[in-house]
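Next come the chains, spelled out residue by residue.
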Amino acid sequence: MSMTENQAQHEQNDNNVPQPASHRRDKSVQRRRILIGGGTMAVAGGLAIAGMASADPVTDSTTKADTSGSATTSASASASTASGVCTLNAEVTEGPYSLDGALVREDIREDKEGVEVQYTLTVVDTANDCAPLADALVEIWHCDALGEYSGFVGRNGHTEEDDGTFLRGGQLTDSGGQVKLISIWPGHYVSRAVHVHMRVHTDVTLTDDSYTGGEVIHTGQLFFDADINTEIQAISPYSDNTTKETQLGDDSIYDDGGASSGLLTLTALGSSVSDGYKATLTVGVDSSS
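Parameters and conventions
Residues numbered from 1 in each chain as written. Predicted model: local features only at pLDDT ≥ 70, side-chain atom pairs only at ≥ 80, totals over all residues. Heavy atoms only, no water. Helix = DSSP H or I, 4+ residues; strand = E, 2+ residues; numbered from the N terminus. Buried < 20%, exposed > 50% of the residue type's maximum accessible area, 1.4 Å probe, protein only. Contact = heavy atoms within 4.5 Å. Areas by Shrake-Rupley, 256 points an atom, 1.4 Å probe, with all protein chains shown as cover. Core = buried A, V, L, I, M, F, W, Y, C linked by side-chain atoms within 4.5 Å. Phe/Tyr/Trp six-rings, centres within 6.5 Å; stacked < 30°, edge-to-face > 60°. pLDDT = per-residue confidence, 0-100. Polar contact = N/O pair within 3.5 Å; in protein donor to acceptor, adjacent residues only side chain to side chain. Pairing = 2+ DSSP bridges. Axes fitted to C-alpha atoms, helices over the stretch in contact; angles between N-to-C directions. Patch = residues over 30% accessible without salt bridge, like charges linked within 9 Å, V, L, I, M, F, W, Y side chains within 5 Å. Salt bridge = Lys/Arg side-chain N within 4 Å of Asp/Glu carboxyl O. Lys, Arg positive; Asp, Glu negative; His and termini not counted. Charge placed at Lys NZ, Arg CZ, Asp CG, Glu CD.

### Focus: the overall build of the protein
- Regarding its fold elements, the protein presents three helices and 15 strands.
- Residues counted as buried form 52% of the 289 residues belonging to the protein.
- Of the contacts formed within the protein by residues at least 6 apart in sequence, a portion of 77% connects residues at least 24 apart.
- Only carbon and sulfur atoms are counted for the fraction: they give 48% of the accessible area of the protein, which is about 12,100 Å².

Below, the structure written as structure tokens:
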């Protein structure tokens, strides 16, 4: 499938930023179809028929703290989400801020301040009846509260130390296809809504703290509930970022497809947004492609 006009504009905007020769070259958008589902329920059994049962959109269950401080549920999970059924979705560009050789670690925050996010991502293989995909490296990276990426600090107008590794990293999936990662809620930068980049690799070789080789079988992006994000971007240190923010509904990549478009299911860790969130998603990939 070809890129939409919005995605083409996004790629043009982001690729106006020059990259050092040592950085990974930005890929063109690949629109091959994959499977993605919300939540982290068990993915065996009924998922074998996911390809036929996934025509309807998935409704996420997002738990968030309201302004009175009590935790409320903003939406009810659909039956398909509760059973972990995959839904068809397209891959998206990895953007201009990717780097090779991410550190293999659970906590990618380093010294970056922000609202804690505890990710649980479950990877299933559509080439194997949506069985859990073990030993796959799930890598994520995103900007800090001021909208700056490690390795590219200054592109969003802020001056800070750049070690080239903050808010980047990954972990191997376990026998159930799950991986857990800890980070902060991303800030925003010009032209994009708040998001996290993700790649799924197979056949990597682990080193002392990183990896070599392997094949990238999925490139995607993760997104956050717009109402919760508005509250978080208004508190410190996010409020120090005065660059214009693009809202989720206006983003050039997110297509309003819920979990099928990478929208995370969020569960509050406390009574206030500053207490942080658990974020879950089931991601289907095709290991045969």
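### Comments concerning the nonpolar core
- One finds Tyr119, Leu121, Trp185 and Leu264 to be the most contacted residues of the largest nonpolar core, which totals 37 residues.
- Of all the secondary structure elements, the ones that give two or more residues to this core are β5 (116-125), β7 (137-141), β9 (178-184), β10 (195-202), β13 (215-223), α3 (226-233), β14 (265-268) and β15 (277-285).
- Here this core takes five residues from β15, the largest share from any one element.
- The residues touching leucine 121, leaving out its near neighbours within four places in the chain, are Val138, Gly177, Gln178, Val179, Met198, Leu222, Leu264 and Leu281.

### Regarding the packing of aromatic side chains
- Using the criterion set out here, one finds seven aromatic pairs in the structure.
- Summarising the aromatic geometry, the rings of tyrosine 97 and phenylalanine 152 are spaced 5.1 Å apart at their centres and angled 75° between planes, so their arrangement reads as edge-to-face. Residue tyrosine 97 is found in the loop between β4 (87-90) and β5, and its partner phenylalanine 152 is found in the loop between β7 and β8 (168-172); the two are separated by 55 residues along the sequence.
- Using a relative accessible area of 2% as the deciding quantity, one classes phenylalanine 152 as buried.
- The interplanar angle of 40° and the centroid separation of 4.5 Å between the aromatic rings of tryptophan 185 and phenylalanine 224 together place this pair among those described as tilted.

### Quick word on the confidence of the model for the protein
- Residues of the protein with pLDDT of at least 70 account for 69%, and the chain-wide mean is 77.
- This model gives residues 1-84 a pLDDT under 50, and the stretch forms 194 contacts once residues within four places in sequence are excluded.

### Some details on the side chain of aspartate 125
- Along the chain, aspartate 125 falls in strand β5.
- A distance of 3.0 Å separates a polar side-chain atom of aspartate 125 from the backbone nitrogen of alanine 127.
- Within the local environment of aspartate 125, its side chain forms a polar contact with the side chain of serine 287, the two groups lying 2.6 Å apart.
- With near-sequence residues (within four places) excluded, aspartate 125 lies in contact with Cys130, Ala131, Leu133, Val285, Asp286 and Ser287.

### Considering the sheet that holds β7
- Across the sheet, which stays open at both edges, the four strands sit in the order β8-β7-β10-β13 with antiparallel pairing between neighbours. The two strands at the open ends of the sheet, each matched to only one other strand, are β8 and β13. For this sheet the average axis-to-axis angle between neighbouring strands, irrespective of direction, equals 20°.
- As judged from the five bridges shared by β7 and β8, these two strands associate in the antiparallel manner.

### Notes on the pairing of β9
- Most of β9 is tucked away: five of the seven residues are buried.
- The pairing of β5 with β9 spans seven bridges and is classified as antiparallel. Opposite valine 117, over in β9, you have serine 183 as the bridge partner.

### A word on unusual backbone geometry
- Residue proline 237 is reached from serine 236 by a cis peptide bond, and omega for that bond is 5°.
- For proline 237, the location among the structural elements is in the loop between α3 and β14.
- A positive phi angle, near 60°, is found at cysteine 130, a position not held by glycine.
- On the secondary structure map, cysteine 130 appears in the loop between β5 and β6 (131-132).

### As for a negative patch on the surface
- A contiguous patch of negative charge on the surface is contributed by Asp111, Glu113, Glu161, Asp162 and Asp163.
- Examined against the element boundaries, glutamate 113 turns out to sit in the loop between β4 and β5.
- For glutamate 113, a relative accessible area of 60% puts it in the exposed group.

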